[in-house]
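A closer look at the structure
Each chain, written out:
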Amino acid sequence: MQTLWLSGAEWFAVLRIGLGLWWLESWRHKDKKTWFDGGGIAWAAGIADKHRWPFVKHGFDRLVKPRLRLHAYVVAYAELALGLGLITGFLTPVALVGGLLLNLTYFVLMIHDWAEQGQNLMMALISAVGLFAMSWQAWSLDSALGLFLR
C-alpha cells in the first residue's frame, strides 16, 4: 500500500489513537459527581422508558435499573479504559470490539436522536476499520510486546 508521508499501518495507528482520544474526551467531559450519583444512568432510564422498541425498555428495566450506580461506574470507566487502551495500543483488538459494542448499545438506546447518532456511527465505523486493518501493527504496546501478530 502506498501512501503519502506515513505507511498504511501508521495511518491506521493514527486513526486508532484518534478514536482513543475521542473515548478519553467522552470520559473527561462527564460531570463525575452527577454521573456517579446516578444522573447519567437516570437520564438513560428516561430515554429507555419512552423508547419506540419495547425490548429496550424491558432490557433496561431488568439489567440496568436494579444496578444504576454500578452501571454508572461501568460506563464511565469503560470509556476511560477504551481511550487509554486505544491510545497506547494495549489489548487493541479487545478495546476495538468493546468500543464497537458500547457504540452499538448507545446507538440502539438513542435511535430517535439523530444528532447523537452521527458520533456513534462514526466511532463504530472507526472501530471496525481499526479492527480489520489490525491497527495495532504500528505505534502500539501490542506490537512492542508481540501480541496479536498476524
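This write-up is about the structure you can find in this document. What you see is a predicted model, and the numbers here were worked out from it, not measured in a lab. (Residues numbered from 1 in each chain as written. Predicted model: local features only at pLDDT ≥ 70, side-chain atom pairs only at ≥ 80, totals over all residues. Heavy atoms only, no water.)

Within the chain, the regular secondary structure consists of 8 helices and 0 strands. Sequence-ordered secondary structure for the chain, helices as α and strands as β, is α-α-α-α-α-α-α-α. Taken along the three principal axes of its C-alpha coordinates, the chain extends 50 × 25 × 25 Å. Counting every position in the chain, which comprises 150 residues, the buried fraction comes to 38%. Restricting to contacts in the chain with at least 6 residues of sequence separation, those with at least 24 account for 71%. Taken as a whole, the chain presents about 8,700 Å² of accessible surface, with 70% of it coming from carbon and sulfur. The averaged location of the 10 negative side-chain charges in the chain is 6 Å from the averaged location of its 13 positive side-chain charges. (Helix = DSSP H or I, 4+ residues; strand = E, 2+ residues; numbered from the N terminus. Buried < 20%, exposed > 50% of the residue type's maximum accessible area, 1.4 Å probe, protein only. Contact = heavy atoms within 4.5 Å. Areas by Shrake-Rupley, 256 points an atom, 1.4 Å probe, with all protein chains shown as cover. Lys, Arg positive; Asp, Glu negative; His and termini not counted. Charge placed at Lys NZ, Arg CZ, Asp CG, Glu CD.)

In this section: the packing of helix α1 (residues 8-28) against helix α5 (residues 68-88). The N-to-C vectors of α1 and α5 enclose an angle of 155°; their axes lie 7 Å apart at closest approach. By the angle class used here, α1 and α5 are roughly antiparallel. Seen along the crossing, α1 lies across α5 with a hand that is left-handed. Mapping the contact onto sequence places R16, I17, L19, G20, L21, W23, L24, S26 and W27 in α1 and A76, Y77, E79, L80, L82, G83, L84, L86, I87 and T88 in α5. Partitioned by chemical class, the residues of the contact of α1 with α5 number 13 nonpolar, 4 polar and 2 charged. (Axes fitted to C-alpha atoms, helices over the stretch in contact; angles between N-to-C directions. Parallel < 35°, antiparallel > 145°, perpendicular 65-115°, else oblique. Left-handed = near helix turned anticlockwise from the far one by under 90°. Nonpolar A, V, L, I, M, F, W, Y, C, P; charged D, E, K, R; others polar.)

The next thing to look at is the layout of surface pockets. Looking at the largest pocket, its volume works out to about 810 Å³. Along the wall of the largest pocket there are 32 residues; nearest its centre are V75, L102, T105, Y106 and L109. Mapped by element, the contributors of at least two residues to the lining of the largest pocket are α1, α3 (39-49), α4 (54-64), α5, α6 (92-109) and α7 (114-132). The residue makeup of the lining of the largest pocket, split by class, is 20 nonpolar, 8 polar and 4 charged. (1 Å grid on protein atoms, 1.4 Å probe; cavity = no way out; pocket = protein on both sides within 12 Å on 5 of 7 lines; lining within 4 Å. Points joined across faces, edges and corners; volume = space filled by probe spheres on them.)

Glancing now at the environment of G40. Among the secondary structure elements, G40 is positioned in helix α3. Between the C-alpha atom of G40 and that of L68, which follows or precedes it by 28 residues, the distance is 9.2 Å. Not counting chain neighbours up to four residues away, the residues in contact with G40 comprise T34 and W35.

The next point concerns the nonpolar core. Judged by nonpolar contacts, the single largest core of 26 residues is most densely connected at L19, W23, W35, I41, F60, L86 and L109. Elements that contribute at least two residues to this core include exactly α1, α2 (32-36), α3, α4, α5, α6 and α7. Setting aside residues no more than four positions away along its own chain, W35 makes contact with K30, G40, I41, A72, V75 and A76. (Core = buried A, V, L, I, M, F, W, Y, C linked by side-chain atoms within 4.5 Å.)

Moving on, we get to unusual backbone geometry. With the exception of glycine, most residues fall at negative phi, and the peptide bonds are largely trans. Of note, the phi angle at W5 is positive, near 75°, even though the residue is not glycine. Judged by its relative accessible area of 76%, W5 falls in the exposed class.

Moving on, we get to the packing of aromatic side chains. In this structure the tally under the stated criterion is 7 aromatic pairs. On the numbers, 6.0 Å between centres and 10° between planes, the contact of W53 with F55 is stacked. Judged by centre distance (6.2 Å) and plane angle (10°), the rings of Y73 and Y77 are stacked. You can see Y73 and its partner Y77 sitting in helix α5, 4 residues apart, about one turn around the helix. The exposure class of Y73 is partly exposed, given its relative accessible area of 33%. The ring of W35 carries K30 above its face, with NZ or CZ at 4.6 Å from the centroid. One Lys or Arg, K32, reaches over the ring of W27 and ends 4.2 Å from the middle of that ring. (Phe/Tyr/Trp six-rings, centres within 6.5 Å; stacked < 30°, edge-to-face > 60°. Lys NZ or Arg CZ within 6 Å of the ring centre and 35° of its normal.)

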